[in-house]
Amino acid sequence: ERVPPTATRRLRELFEGPRIIRAIGAHDALGARLGERTGFDAIWSSGLEISASHGVPDADILTMGELLNAARWIADAVRIPVIADCDTGYGNASNVVYMTRRYEAAGIAAVCIEDKPFPKLNSFIPGRQRLVPISEFTGKIRAATDARSDPDFMVIARVEAMVAGLGLEEATRRAHAYADAGADAVLVHAKGASPQPALDFLAAWDRPTPVVVVPTTYYRVSAAELEAAGASMVIYANHGLRAGVRAVTDAFSEIRRTGSTESIEDKIAPLSTIFDLQGVSHLRQHEDSYMRTG
Ligand code: SPV
Ligand code: MG
């Protein structure tokens, strides 16, 4: 019998394939299932989404254990590979060693760490967007690649130089160093409405190491354009969270306004969809298989 490929192998195969990989952000198992059902290739276990879902800022307020727990629920819920946003690696290179082992053991396909000091601040919150020295971060990359036991487990190095206002040259210098240190991919982050900084980085990129982009603020660019520019993966990092917040606010307001739920009934998911997403059909199978009496 053919053994299905592991999540780590499936992610490697996606990177080896010809198409841009489309990843969608999630903060829980339900969001991840919606992403999988919609046809995304991978799930991004988002630090911003998970933090927001706990009602706290994306600033290393949650512990590694709390973020790992969320990522584990996500990985358990889907067959597509999960890439975990691990912020700065939760401390120094020693923290990265333990982090890598635990995320790998949880069935995660890849970890992504960024070159900012712990505690980090979300890239879109102005202020405190400093970087650690290159040698400190390459030490973390080596710590992660040495700590994995599955060679297919991927370590993604996130370059925050353009977020910190240091420009393309510094971003490229750092990305080269991270690729040389053994990163399996580099995630080049950028902010602002124009895709140009990310496109310029891709145009200048001269290594085989794949490049990941996150077009949150430069949202007019398409996946096809990013693919043509040479990006290997696009992450839509927080759109499930933002869509959910808007939709829930609208529904709650409508209930308060009208005094009943009638006007929203056909705008919200039916309970049958919820039961389906929860896997209630499995419950039925268990009852038939294991709980027949008499
Ligand atoms: C996240 O989703 O937590 C990310 C992407 O790291 S961003 O919010 O764009 O920094
Ligand atoms: Mg994050």
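Thresholds applied
- Residue numbers run consecutively from 1 along every chain, following the written order of its sequence.
- Think of it this way: whatever chain is written first is A, whatever ligand is written first is 1, and the rest follow in order.
- At least 70 in pLDDT is required for a residue's local features to be given in this predicted model, at least 80 for side-chain atom pairs to be given and counted, and no such filter applies to totals for whole chains, interfaces and linings, which use all residues.
- To qualify as a helix, a DSSP run of H or I must reach at least 4 residues; to qualify as a strand, a run of E must reach at least 2; elements of each kind are numbered from the N terminus.
- Taken over C-alpha atoms, the radius of gyration is set against a globule rule of 2.2 Å times the number of residues to the power 0.38.
- Once C-beta atoms are placed from the backbone, each residue is buried if 20 or more other C-beta atoms lie within 10 Å of its own, exposed if 12 or fewer, and partly exposed for counts between those two.
- Residues are treated as contacting if the C-beta atoms built from their backbones sit within 7 Å of each other.
- The pairing criterion for strands is at least two bridges between them, as found by DSSP.
- Every angle, taken between N-to-C directions, lies between 0 and 180 degrees, and every axis is a line fitted to C-alpha atoms, over only the stretch in contact when it is a helix.
- Nearness is defined per residue: the C-beta atom, placed using the backbone, must lie within 6 Å of the molecule or strand.
- Gly counts as polar in this scheme, as do all residues outside two lists: the nonpolar Ala, Val, Leu, Ile, Met, Phe, Trp, Tyr, Cys and Pro, and the charged Asp, Glu, Lys and Arg.
- This arc describes the spread of directions from the helix axis toward the C-beta atoms.
- Throughout this description, the term nonpolar core refers to a group of buried Ala, Val, Leu, Ile, Met, Phe, Trp, Tyr and Cys residues whose C-beta atoms join them within 7 Å.

(A) Quick look at the overall build of the chain. A count of helices and strands for the chain gives twelve helices and eight strands. The globule rule puts the C-alpha radius of gyration for 294 residues at 19 Å, and the 20 Å found for the chain is close to it. Overall, the chain is about 65 × 55 × 35 Å in size when its C-alpha atoms are taken along their principal axes. Here the chain, with 294 residues, has 41% of them falling under the buried criterion. Sequence separation of 24 or more characterises 69% of the internal contacts of the chain that already satisfy a separation of 6 or more.

(B) Examining the sheet that holds strand S4 (residues 110–114) more closely. With parallel pairing, the eight strands of this closed barrel are ordered in space as S1-S2-S3-S4-S5-S6-S7-S8. Here the average twist between neighbouring strands, direction ignored, is 25 degrees. In this structure, strand S5 (residues 154–159) lies alongside strand S6 (residues 185–188), joined through four bridges in parallel fashion. Residue pairing in the sheet places Ala157 in a bridge with Val186 of S6. Helix H6 (residues 134–147) rests against S4 and S5 of the sheet, and its axis sits at about 165 degrees to S5.

(C) Quick peek at unusual backbone geometry. In this structure, Pro119 follows Phe118 across a cis peptide bond, with omega equal to 0 degrees. Following the sequence through the fold, Pro119 ends up in the loop between S4 and H6. Residue Arg128 is not a glycine yet carries a positive backbone phi of 55 degrees.

(D) Quick peek at the site of ligand 1. Every residue close to ligand 1 is listed here: Gly25, Ser46, Gly47, Leu48, Asp58, Asp85, Asn122, Ser123, Val214, Thr216, Ala237 and Asn238. Split by residue class, the shell around ligand 1 holds three nonpolar, seven polar and two charged.

(E) Structural context of helix H8 (residues 196–204). Within the sequence span of H8, burial applies to Ala198, Leu199 and Phe201. Seen along its axis, H8 keeps its buried residues to an arc of 160 degrees; they face one direction. Those residues of H8 that are exposed and aimed more than 90 degrees away from the buried face are Ala203 and Ala204. Where H8 is buried, its residues meet helix H7 (167–180), S6, strand S7 (211–213) and helix H9 (223–229).

(F) Looking closely at the nonpolar core. Within the largest apolar cluster, 78 residues are counted, with the highest numbers of intra-cluster contacts made by Val111, Ile156 and Val186. Considering each element in turn, this core owes the most residues, seven residues, to helix H4 (residues 64–77).

Such coordinate-based values are descriptive only and should not be taken to indicate function.
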